[in-house]
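This is what each chain is made of:
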Amino acid sequence: GESVGLHLPTLSVQEGDNSIINCAYSNSASDYFIWYKQESGKGPQFIIDIRSNMDKRQGQRVTVLLNKTVKHLSLQIAATQPGDSAVYFCAEKGHSGTYKYIFGTGTRLKVLA
Amino acid sequence: DTEVTQTPKHLVMGMTNKKSLKCEQHMGHRAMYWYKQKAKKPPELMFVYSYEKLSINESVPSRFSPECPNSSLLNLHLHALQPEDSALYLCASSQDGLRVAEAFFGQGTRLTVV
């Protein structure tokens, strides 16, 4: 299930199921997006990226979808494993000429055995 | 080598202390960043250095003072901090701040101000 409010939104999935984590971004001029995974006590780790001239990109067990019309990004994880348990952040980088990587609020993924 | 190394991993300091956080990368990246992350929150940008020059200061209080001695090193000098400054401080680097490329993050320094 999912919860919002003062706590980090949480997605709980059964091991082996597919996970979909969503992100809404704010700047329609952003042209590059990244998904990061952050495990407890560690720094964010790059998972996959996508440029604004694409709407889908696939990696190993992960797929990122970009819908520029509604400014929405999603991360799909196939066959979710216990090691996927972490907090996932999307980050946007603005039009060329900006240095900033701006992070979304994050989603905690819990994988249930 | 795709690592960004931060030291120390943990730091406890009093409000009157002066301390420094260090960050190092050997990927030839020319943009380096400091982020602050509070519990259950996303990283928030503090500073960006591009080609060893400060490019962005996100209105960070002067008790935080960044320094980029060379293209591989980034420091964050801390002085007269407040308990609310306790957080995870993350360093990151990217090829060139203006390019479309991912930023690589270090493991962070967990700072506690007492």
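Conventions adopted
Residues numbered from 1 in each chain as written. Chains lettered and ligands numbered in written order. Predicted model: local features only at pLDDT ≥ 70, side-chain atom pairs only at ≥ 80, totals over all residues. Heavy atoms only, no water. Pairing = 2+ DSSP bridges. Helix = DSSP H or I, 4+ residues; strand = E, 2+ residues; numbered from the N terminus. Axes fitted to C-alpha atoms, helices over the stretch in contact; angles between N-to-C directions. Buried < 20%, exposed > 50% of the residue type's maximum accessible area, 1.4 Å probe, protein only. Phe/Tyr/Trp six-rings, centres within 6.5 Å; stacked < 30°, edge-to-face > 60°. Lys NZ or Arg CZ within 6 Å of the ring centre and 35° of its normal. Disulfide = S-S within 2.5 Å.

(A) Here's a closer look at the sheet that holds strand 7 (residues 72–77) of chain A. Residues and elements named next belong to chain A. The four strands lie next to each other as 2-7-6-5, forming an open sheet whose pairing is antiparallel. A single partner strand is all that each edge strand has here, and the edge strands are strand 2 (19–24) and strand 5 (56–58). Neighbouring strand axes in the sheet, compared pairwise and without regard to direction, differ in orientation by 15° on average. Pairing of strand 2 with strand 7, which is carried by six bridges, proceeds in the antiparallel orientation. What sits directly across from isoleucine 20, in strand 7, is glutamine 76.

(B) View of the side chain of threonine 10 of chain A. Its location among the elements puts threonine 10 of chain A in strand 1 (residues 10–14). On the basis of relative accessibility, which here comes to 16%, the residue threonine 10 of chain A falls in the buried class.

(C) Layout of the packing of aromatic side chains. Counted according to the given criterion, the structure contains ten aromatic pairs over all chains. For the ring pair phenylalanine 103 of chain A and phenylalanine 105 of chain B, a centre distance of 5.7 Å and an interplane angle of 80° mean the geometry is edge-to-face. Remark: phenylalanine 105 of chain B occurs in strand 10 (residues 104–105) and phenylalanine 103 of chain A occurs in strand 9 (residues 101–103); the pair is interchain, linking two chains. Three or more aromatic residues joined by ring pairs form one cluster here, namely Tyr36, Phe89, Tyr101 and Phe103 of chain A together with Tyr33, Tyr35 and Phe105 of chain B. Across from the ring centre of tyrosine 101 of chain A, 5.5 Å away, lies the NZ or CZ of lysine 93 of chain A, which sits over that ring.

(D) Molecular detail of the state of the cysteines. All names here are of chain B. A full pass over the atoms with the stated rule returns two disulfides over all chains. The disulfide partner of cysteine 23 is cysteine 91, and the gap between their sulfur atoms is 1.9 Å. Judged by the sign of its S-S torsion, about -70°, the bond between cysteine 23 and cysteine 91 is left-handed. In this pair, cysteine 23 sits in strand 3 (residues 18–25) while cysteine 91 sits in strand 9 (residues 87–94), placing the two residues 68 residues apart along the sequence. Each of the two residues, cysteine 23 as well as cysteine 91, counts as buried. Unpaired in terms of disulfides, cysteine 68 finds its nearest cysteine sulfur in cysteine 91, a separation of 9.2 Å.

(E) Structural context of the pairing of strand 7 (residues 64–70) of chain B. The pairing of strand 7 of chain B with strand 8 (residues 73–79) of chain B spans five bridges and is classified as antiparallel. Bridging across to strand 8 of chain B, serine 65 of chain B finds its partner in histidine 77 of chain B.

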